[in-house]
Amino acid sequence: MTRRPIIAANWKMHHDHLVAIQVVQKLSYRLERDDYEACDVVICAPFTDLRTLQTLTEADRIPILLGAQNCHWQDRGAFTGEVSPVMLAKLNIRYVIVGHSERRQLFDETDDMVNRKAKAVLHHEMTPIVCVGETLEERDRGDTETRVTDQIAAAFAGIRGADAERCVVAYEPIWAIGTGRNATPDDANATIATIRAALRRLVSDAADDIRIQYGGSVKPGNIAELMRMSDIDGALVGGASLDPDEFARIVQYRR
Ligand code: 13P
């Protein structure tokens, strides 16, 4: 089974729309046709950047795909401050990150909310990037496998078949995010294999099509080794994605 690699930037709350234009233009100068043919290149930008980046990528025919970092699960309604999946789909957004650990920890997102968001994103023909991962305490207690397996079961409740196949999962150990500490490729691969086994129990054969990314201090210096692992299909990159040169080198990990 060959799964198409997906290298995604998560800019988090960085880069206003003017900076975003410069960064995506610079990235597009560095990337070549071969790079886009080899993998999906995705930028998950803040909401205020998305309309601008849609216009830029369409006008200049830049094959970078756009992602959002969150959304609500309802199409519309009295939810002050929220953005709906309908609004994102209208902007040609292809991916939506759901359940990032920062949203779970800082904004009290529950497994149930993550599941509703994933279903809403799928319903509007976009792809959820479902994030799972353990804290340092959970890891030290030996609870990594239980934690990610439970998160996967909750996130995929009611998602089966073709919908499940389209999903992307990001394994992001919380202790490795923004800390400069990353899981060793073997460790990351082992947990990702556990995640795939959990998916197989839930969605059977669809699990072989689900792309699973690693995230947590991915850099130009460690991406190639991570991508050589059998179960790692891509990366979700925070800090190192803010600089177009650095992110281009990550996308070009084969060279
Ligand atoms: P860093 O690459 O900065 O560790 O962030 C990882 C992350 O949270 C991507 O979603």
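Residues numbered from 1 in each chain as written. Predicted model: local features only at pLDDT ≥ 70, side-chain atom pairs only at ≥ 80, totals over all residues. Heavy atoms only, no water.

Draft legend 1. Highlighting the packing of helix α1 (residues 17-30) against helix α12 (residues 244-251). Here α1 crosses α12 at 40°, and the two axes come no closer than 9 Å. Overall, the two elements α1 and α12 adopt an arrangement that is oblique. Here α1 and α12 pass one another in a crossing that is right-handed. Taken together, the residues of α12 that come into contact with α1 (itself represented by V23, K26, L27 and R30) are P244, D245, F247 and A248. (Axes fitted to C-alpha atoms, helices over the stretch in contact; angles between N-to-C directions. Helix = DSSP H or I, 4+ residues; strand = E, 2+ residues; numbered from the N terminus. Parallel < 35°, antiparallel > 145°, perpendicular 65-115°, else oblique. Left-handed = near helix turned anticlockwise from the far one by under 90°. Contact = heavy atoms within 4.5 Å.)

Draft legend 2. Inspection of the site of the ligand at higher detail. Contacts to the ligand come from 13 residues, most closely from K12, H100, G178, S217 and G239. Note that an oxygen atom of the ligand is positioned 3.0 Å from one of the side-chain N or O atoms of N10. Within the complex, the protein chains bury 96% of what would otherwise be the 310 Å² of accessible surface of the ligand. Looking at the shell around the ligand residue by residue, the class counts come to four nonpolar, seven polar and two charged. (Near = heavy atom within 4 Å. Polar contact = N/O pair within 3.5 Å; in protein donor to acceptor, adjacent residues only side chain to side chain. Areas by Shrake-Rupley, 256 points an atom, 1.4 Å probe, with all protein chains shown as cover. Nonpolar A, V, L, I, M, F, W, Y, C, P; charged D, E, K, R; others polar.)

Draft legend 3. Looking closely at α1. Helix length check: α1, at 14 residues, gives a terminal C-alpha distance of 20 Å against a target of 20 Å (1.5 Å per residue), a fit within 8%. Looking at α1, one finds that the buried residues are A20, V23, V24, L27 and S28. Seen from one end, α1 has its buried residues packed into an arc of 135°, which puts them on one side. In α1, the exposed residues that point more than 90 degrees away from the buried face are L18 and Y29. Those residues of α1 that are buried lie in contact with α2 (33-38), β2 (40-44), α3 (47-59) and α12. Between the side-chain oxygen of the N-cap and the backbone nitrogen of L18 there are 2.9 Å, and the N-cap of α1 in question is D16. (Expected span 1.5 Å × (residues − 1). Buried < 20%, exposed > 50% of the residue type's maximum accessible area, 1.4 Å probe, protein only. Arc of directions from axis to C-beta.)

Draft legend 4. Examining the packing of α1 against α3 more closely. Running from N to C, α1 and α3 point in directions that differ by 40°, and their axes come no closer than 9 Å. The handedness of the crossing between α1 and α3 comes out as right-handed. Where α1 approaches α3, its residues H17, A20, I21, V24 and Q25 are matched on the opposing element by T48, D49, T52, L53, L56 and T57.

Draft legend 5. Broad picture of the pattern of salt bridges. Throughout the structure, instances matching the rule amount to 19 salt bridges. Where D112 meets R116, a salt bridge forms, and the shortest distance between an N and an O atom there is 3.1 Å. On the criterion of helical spacing, the pair formed by D112 and R116 is a turn pair, its members being four residues apart in helix α6 (residues 111-123). D112 gets classed as partly exposed once you look at its relative accessible area, which sits at 43%. The partner of D208 in a salt bridge is R200, and the shortest N-O contact between them spans 2.5 Å. (Salt bridge = Lys/Arg side-chain N within 4 Å of Asp/Glu carboxyl O.)

Draft legend 6. Expanded view of the environment of A20. Locating A20 in the fold gives a position in helix α1. According to the relative accessible area criterion, A20 is buried, its value standing at 0%. Between the C-alpha atom of A20 and that of T48, which follows or precedes it by 28 residues, the distance is 9.9 Å. Those residues in contact with A20 that lie beyond four places of it in its chain are W11, H15, D49 and L53.

Draft legend 7. Representation of the side chain of N10 in the model. As for its position among the elements, N10 is in strand β1 (residues 6-10). A polar side-chain atom of N10 sits 2.9 Å from the main-chain amide nitrogen of K12. Every residue in contact with N10, bar those within four places of it in the chain, is listed here: C44, Q69, I97, H100, L236, V237, G238 and S241.

Draft legend 8. Representation of the sheet that holds β1 in the model. Pairing is parallel around the closed barrel formed by eight strands, whose spatial order is β1-β2-β3-β4-β5-β6-β7-β8. Shown here is a sheet whose adjacent strand axes are inclined to one another by a mean of 25°, direction ignored. Here strand β3 (residues 65-68) pairs with strand β4 (residues 95-98) via two bridges, running parallel. In the sheet register, A68 faces β4, and the bridge partner there is V96. Sheet contacts for helix α8 (residues 144-155): β5 (127-132) and β6 (168-171); angle to β5, the most-contacted strand, approximately 150°. This element, α12, spans β1, β2 and β8 (234-237) of the sheet and lies at about 160° to β1. (Pairing = 2+ DSSP bridges.)

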